[in-house]
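# Commentary on secondary and tertiary structure
Here is what each chain is made of, one letter per residue.
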Protein chains: 2
Amino acid sequence: MTTKRTLGPLERIFPMPCVLIASGTPEYAGLMTASWINVVSNTPPTIAVGIRSSRETYQHVEATQAFSVNIPTSEMADVADYIGLYTSTKLSQPKPLTTELTLSPGTASLAPIINECPYNLECIVSHVTEVGHYYVVLAEIVETHASEAILVDEESDLVSMDALDPLIYIAGAREYRRLGPKVADAYSVGKRFVDPT
Amino acid sequence: MTTKRTLGPLERIFPMPCVLIASGTPEYAGLMTASWINVVSNTPPTIAVGIRSSRETYQHVEATQAFSVNIPTSEMADVADYIGLYTSTKLSQPKPLTTELTLSPGTASLAPIINECPYNLECIVSHVTEVGHYYVVLAEIVETHASEAILVDEESDLVSMDALDPLIYIAGAREYRRLGPKVADAYSVGKRFVDPT
């Protein structure tokens, strides 16, 4: 085992997903790139996301209490990066126009969803905690939309990772990555440790 | 663009990290596998994690207000899976003994850290929200420990992803994956959309 070094408090977990948050309305949508997001409960299905309190997205979320989480493919790295780099108010035209993203109304909430992202979650705010310059927003997942092309078959709700090819973010190194190969089956490979008696 | 299908509310974001949570003390550590975890703020560095309220881990966290987040390599998939599959109270011996994991005391908190995981965060609880059968625990990251072997050089706090080789969890499909290749540089590739004027 190699020696360890202490680095101080760093806001890094590896890896992080990289998603697009859409808020507001389909006609006037706010777009934000988020890596500080994950599921935190399934009773009901709930996500947590950190949103900088000064962001336009938070104003929309506060107004409508709804937003969508949209998973881009790794080919959309440039789109995700652009959306994360700039604040709408400093741009000459809306982000959807520049990035050629289109939005549809949600079916279970006021959240607009991004058509070009193959996987979308509609979310309704359930709890907000202020943590420094961020709001940690807990939101119930009320609907999932998935492109037929990423589902493993016509009956299943399972997503093929090779078809989705989700974008991944690496903190610190500031790079986007793709998903790699399967290592093992969960709820299975750990059984080897069980005492056979 | 292919047609989309609605799948109902599903607690899935792709991909998720897969970490080991250590709680209690080095001598009597509770170990839990968690994929419902991420950073949510950097003021101060803060993580959110969903912990099932009936878990031994939550009892420890409530008692000490501290825990560690330990990132396993993809080679530790079997260890992570075993820790996630079984409740300590139903096992004939402690999980660290079975999995040959060893623990050291934290240096900035009461949290024990897992020596065999090359990257560890010590965390102190700051806020707890009950969401169904889960507690969403917000905790401040108070120290980071990294193996010299995963750091890009002697001066840097940057982690080499190829050296760390972090374990990744895919919800629904219930599989473990490795990280794939780099796609693009963040804070860079999106600049191509900027109007050159």
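Below, the structure is looked at part by part.

## Points about the pattern of salt bridges
Applying the stated rule across the entire model yields 16 salt bridges over all chains. Salt-bridge contacts for Arg177 of chain A lead to Glu175 of chain A; the nearest nitrogen and oxygen are separated by 2.8 Å. Residue classification places Arg177 of chain A among the buried positions, given a relative accessible area of 8%. Taking the relative accessible area as the measure of exposure, Glu175 of chain A reaches 11% and is therefore buried. Each member of the salt-bridge network shares a partner with another, and the members are Asp162, Lys182 and Asp185 of chain A together with Glu175 and Arg177 of chain B.

## Focus on the relation of the copies chain A and chain B
Rotating chain A by 180° and moving it 0.0 Å along the rotation axis overlays it on chain B with an RMSD of 0.0 Å. Both copies of the chain, as the preceding transformation shows, are related through a two-fold rotation axis. Considering only C-alpha atoms, the part of chain A nearest the rotation axis is Gly180 of chain A, at 1.8 Å. Taken together, the interface assignments show that 100% of the residues at the interface of chain A recur at the interface of chain B, consistent with an identical surface on both copies.

## Remarks on the packing of aromatic side chains
Describing an aromatic ring pair means giving the distance of the ring centres and the angle of the ring planes. Under the definition given, this model contains 12 aromatic pairs over all chains. On the basis of an interplanar angle of 55° and a centroid distance of 5.8 Å, the ring pair of Tyr169 of chain A and Tyr176 of chain A is categorised as tilted. What links up through ring pairs into an aromatic cluster is the set Tyr82 and Tyr86 of chain A together with Phe193 of chain B. Here Arg192 of chain A stacks its cationic end above the ring of Phe193 of chain A, 4.2 Å away from the centre of that ring.

## Description of the sheet that holds strand 2 (residues 16-17) of chain A
With respect to topology, 6 strands assemble into an open sheet ordered 2(A)-12(A)-13(A)-13(B)-12(B)-2(B), the strand pairing being antiparallel. At either end of the open sheet lies a strand with only one pairing partner, and these are strand 2 of chain A together with strand 2 (16-17) of chain B. As defined by bridge partners, strand 12 (residues 168-170) of chain B adjoins strand 13 (residues 175-185) of chain B across 3 bridges and the pair is classed as antiparallel. Counterpart to Tyr169 of chain B in the pairing with strand 13 of chain B is Tyr176 of chain B.

## Focus: the interface of chain A and chain B
Size of an interface: often given as the accessible area lost when the parts come together. Listed by partner, the interface residues are 109 residues for chain A and 109 residues for chain B. Summed over both partners, the interface of chain A with chain B comes to about 9600 Å²; 63% of that surface belongs to carbon and sulfur atoms. Scanning the region where chain A abuts chain B turns up 10 salt bridges. We note a salt bridge from Glu175 of chain A to Lys182 of chain B, for which the minimum N-O separation is 3.9 Å. For the pair chain A and chain B, the number of links is 65 residue pairs in polar contact (both at pLDDT 80 or more). Tallying contributions element by element places strand 13 (residues 175-185) of chain A first for the side of chain A that touches chain B, with 11 residues. Counted by class, the side of chain A that touches chain B contains 58 nonpolar, 29 polar and 22 charged residues. Bridge analysis of strand 1 (residues 4-6) of chain A against strand 11 (residues 134-147) of chain B gives 3 bridges, and the strand direction is antiparallel. Of the residues in strand 11 of chain B, the one forming a bridge with Lys4 of chain A is Ser147 of chain B.

Parameters and conventions
- Residues numbered from 1 in each chain as written.
- Chains lettered and ligands numbered in written order.
- Predicted model: local features only at pLDDT ≥ 70, side-chain atom pairs only at ≥ 80, totals over all residues.
- Heavy atoms only, no water.
- Salt bridge = Lys/Arg side-chain N within 4 Å of Asp/Glu carboxyl O.
- Buried < 20%, exposed > 50% of the residue type's maximum accessible area, 1.4 Å probe, protein only.
- Least-squares fit on C-alpha atoms with pLDDT ≥ 70 in both.
- Contact = heavy atoms within 4.5 Å.
- Phe/Tyr/Trp six-rings, centres within 6.5 Å; stacked < 30°, edge-to-face > 60°.
- Lys NZ or Arg CZ within 6 Å of the ring centre and 35° of its normal.
- Pairing = 2+ DSSP bridges.
- Helix = DSSP H or I, 4+ residues; strand = E, 2+ residues; numbered from the N terminus.
- Buried area = accessible area lost by both parts, 1.4 Å probe.
- Polar contact = N/O pair within 3.5 Å; in protein donor to acceptor, adjacent residues only side chain to side chain.
- Nonpolar A, V, L, I, M, F, W, Y, C, P; charged D, E, K, R; others polar.

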